[in-house]
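Understanding the architecture of this molecule
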Amino acid sequence: MRAVVVDKDYGSVTAEELERVAAAYYATGIELSLLDYQVVAAQQKEPTEDEIIAGCKDAQIILATGNPPITRKVLEALPEVKFVQRFGAGVNSIDLDVAADLGVIVLNLPGFCAKELADVATAMIMGLIRNTNYYDREVRKGNWPKCKYLLPPDVRELTLGLYGFGLAGRYLHDIFYKGFGTKVIACDPYVSDAVKSQYPDVEFVSFDELVTRSDIISIHVILTPETTHVFNKEVFKKMKSTAMIINTSRGPVIDNDDLAWALETGEIMYAGLDTVEREPLPENDPFKTLDNIIVNPHCGSYGVGSKKTQIDMVCNIVPTAVATGKVPARCVANRGILDKDVGYEFD
Ligand SMILES: NC(=O)c1ccc[n+]([C@@H]2O[C@H](COP(=O)([O-])OP(=O)(O)OC[C@H]3O[C@@H](n4cnc5c(N)ncnc54)[C@H](O)[C@@H]3O)[C@@H](O)[C@H]2O)c1
């Protein structure tokens, strides 16, 4: 069998780690090609559909470290592909329905970096509340704005609103509720009653209530048509003028132009973004000139524990499937395929 790594996600997966994956694949008779990965890596961008098609002829497995477009066009042009393995949780760049129709199993790593995402959100929330990035910038410029700038509120008195109560949202709840005693509310129509019952202190509210009541909104949803641009001008107008918004999920959940407007006009007070709509951030992006915002280069998954889990899981999932015919159902992202007979058992 042949596998191809089609992209490089701005350094989140190293060449050495891919060599480890290649060795694990090789042990089960899968030849892993890094050639296309190196070509595309040099360009520092996601590959195009045509580049993926050209690089994956005869491949049965596509490995996606970042979020390359695995679209209908790509999947239909590569009929031999059996597996698409992402090195992360988000699968928004892959057409899951078409993959299921064509019998392609899309694999991801659910929750591999949920703790890290909660940690990044925490760092941003506390950094913004305590003005740490602003003070650091000013001190480096030669200024000493002692006890100036935004007067920090007491985080213990605030309401933290979680948009999405999955693994990352729950870790963030633990940090703020158990650590500071912060009131936590959450909006997630898909969370089960069994999960809700484990969090008796959390108030589950409607989206409108989340928006109007929260002092801090932290976004932890998957990117779907339903969650795209959910935070826009109309929503920012409803938020408190002292509110903060944090996004460690996917850039397009927030309309970034509308967010720049909301920060410039004082509709909300500050923002912390690990992901933005246009990555990397363009030269003249307004986010680069605003003081009341922290932007990270989509590195929320970066951490000792998450990296180990990530590479261990990738080394294991497809080789085990090829060797035993068994695929771990919790790692199958296109759930529509679970009821189909595609030659593998889901357990
Ligand atoms: N910044 C990064 O580097 C990075 C890395 C990995 C993942 N992520 C993103 O972080 C997200 C959250 O991670 P996670 O581990 O908590 O995922 P998760 O799958 O455990 O949780 C996602 C939650 O979103 C909820 N949800 C879906 N649609 C919703 C809607 N319309 N309204 C409200 N809630 C909705 C789901 O019910 C689920 O509880 C991922 O989906 C991924 O997009 C970012």
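Residues numbered from 1 in each chain as written. Predicted model: local features only at pLDDT ≥ 70, side-chain atom pairs only at ≥ 80, totals over all residues. Heavy atoms only, no water.

1. Some thoughts on the domain arrangement of the protein
Parsing the protein into structural domains produces domain 1 (2–112 + 304–346) and domain 2 (114–295). Computed over C-alpha atoms only, the centres of domain 1 and domain 2 are separated by 31 Å. Counting residues at the interface gives 9 residues for domain 1 and 7 residues for domain 2. Carbon and sulfur atoms supply 45% of the area that domain 1 and domain 2 bury against each other, a total of about 550 Å² over both sides. Here domain 1 is connected to domain 2 by 0 salt bridges. The tally of links between domain 1 and domain 2 comes to 3 residue pairs in polar contact (both at pLDDT 80 or more). Each residue belonging to the side of domain 1 that touches domain 2 can be placed in one class, and the counts come to 2 nonpolar, 6 polar and 1 charged. (Domains from an automatic or database assignment. Contact = heavy atoms within 4.5 Å. Buried area = accessible area lost by both parts, 1.4 Å probe. Salt bridge = Lys/Arg side-chain N within 4 Å of Asp/Glu carboxyl O. Polar contact = N/O pair within 3.5 Å; in protein donor to acceptor, adjacent residues only side chain to side chain. Nonpolar A, V, L, I, M, F, W, Y, C, P; charged D, E, K, R; others polar.)

2. Digging into the sheet that holds strand β11 (residues 270–273)
Strand order across the open sheet formed by 7 strands is β8-β7-β6-β9-β10-β11-β12, with parallel pairing between neighbours. Single-partner strands in this sheet number two, and they are β8 (203–204) and β12 (293–295). The strands touched by helix α8 (residues 167–180) are β6 (159–163), β7 (183–187) and β9 (216–219); relative to β6, the strand with the most contacts, the crossing angle is about 170°. This element, helix α12 (residues 256–265), spans β10 (244–247), β11 and β12 of the sheet and lies at about 145° to β11. (Pairing = 2+ DSSP bridges. Helix = DSSP H or I, 4+ residues; strand = E, 2+ residues; numbered from the N terminus. Axes fitted to C-alpha atoms, helices over the stretch in contact; angles between N-to-C directions.)

3. Focus: helix α6 (residues 114–129)
End to end, α6 covers 23 Å across 16 residues, agreeing with the expected 22 Å (1.5 Å per residue, within 8%). Burial analysis of α6 places 12 of its 16 residues in the buried class, which makes it a mostly covered element. Burial in α6 covers these residues: Ala114, Glu116, Leu117, Ala118, Val120, Ala121, Thr122, Met124, Ile125, Gly127, Leu128 and Ile129. With its phi angle positive at about 60°, Asn131 sits one or two positions after the end of α6. (Expected span 1.5 Å × (residues − 1). Buried < 20%, exposed > 50% of the residue type's maximum accessible area, 1.4 Å probe, protein only.)

4. Focus: the nonpolar core
Of all hydrophobic cores here, the largest spans 38 residues; its most connected members are Val21, Tyr25, Phe83, Ile105, Leu107 and Val327. Secondary-structure elements contributing two or more residues to this core are β1 (2–5), α1 (15–27), β3 (61–64), β5 (105–107), α6 and α13 (304–324). Here the element with the most residues in this core is α13; it accounts for 7 residues. A domain-level breakdown of this core finds at least three residues from each of domain 1 (2–112 + 304–346) and domain 2 (114–295). Sequence-distant contacts of Val21, that is, excluding residues within four places in its chain, are made with Leu32, Leu63, Phe87, Ile311, Val314 and Cys315. One finds Val211, Phe236, Met239 and Val253 within the second-largest nonpolar core, a separate group that totals 31 residues. (Core = buried A, V, L, I, M, F, W, Y, C linked by side-chain atoms within 4.5 Å.)

5. Focus: the pattern of salt bridges
Summed over the entire model, instances satisfying the criterion amount to 18 salt bridges. Note that Asp312 and Arg20 form a salt bridge whose closest N and O atoms lie 2.7 Å from each other. Remark: Arg20 occurs in helix α1 and Asp312 occurs in helix α13; sequence separation between them is 292 residues. A relative accessible area of 42% places Arg20 in the partly exposed class. Here Lys178 ties to Asp174 by a salt bridge, and the two come within 3.9 Å at their closest N and O atoms. Here Lys178 and its partner Asp174 are both found in helix α8, 4 residues apart, which amounts to about one turn of the helix. Classification of Lys178 as exposed rests on a relative accessible area of 62%. Here the residues in one salt-bridge network are Lys183, Glu203, Glu209 and Arg213, joined through shared partners.

6. A closer look at the packing of aromatic side chains
Within this structure, the stated rule accounts for 9 aromatic pairs. Centroid distance Phe83 to Tyr344: 5.0 Å. Interplanar angle 65°. Geometry classified as edge-to-face. With Phe83 in strand β4 (residues 83–86) and Tyr344 in the loop between β13 (326–327) and β14 (345–346), this pair connects stretches of sequence that are 261 residues apart. The pair formed by Phe83 and Tyr344 is uniform in burial state, with each residue classed as buried. Seen from their ring centres, Phe165 and Phe204 are 5.3 Å apart, and the 85° between their planes marks the pair as edge-to-face. Residue Phe165 is located in the loop between β6 and α8, and its partner Phe204 is located in strand β8; the two are separated by 39 residues in the primary sequence. One aromatic cluster is present, formed by Tyr134, Tyr135 and Tyr149 through successive ring pairs. One Lys or Arg, Lys196, reaches over the ring of Phe204 and ends 5.2 Å from the middle of that ring. The ring of Trp261 carries Lys233 above its face, with NZ or CZ at 4.9 Å from the centroid. (Phe/Tyr/Trp six-rings, centres within 6.5 Å; stacked < 30°, edge-to-face > 60°. Lys NZ or Arg CZ within 6 Å of the ring centre and 35° of its normal.)

7. Things to note about unusual backbone geometry
The amide bond that connects Glu279 to the next residue, Pro280, takes the cis arrangement and shows omega of -5°. In this fold, Pro280 is placed in the loop between β11 and β12. Phi at Tyr149 takes a positive value of approximately 75°, unusual for a residue other than glycine. With respect to the helices and strands, the residue Tyr149 is situated in the loop between α7 (132–140) and β6. For Tyr149, a relative accessible area of 32% corresponds to the partly exposed category. With phi around 55°, His229 is a residue other than glycine that occupies positive phi space. Its place among the elements puts His229 in the loop between β9 and α11 (233–238).

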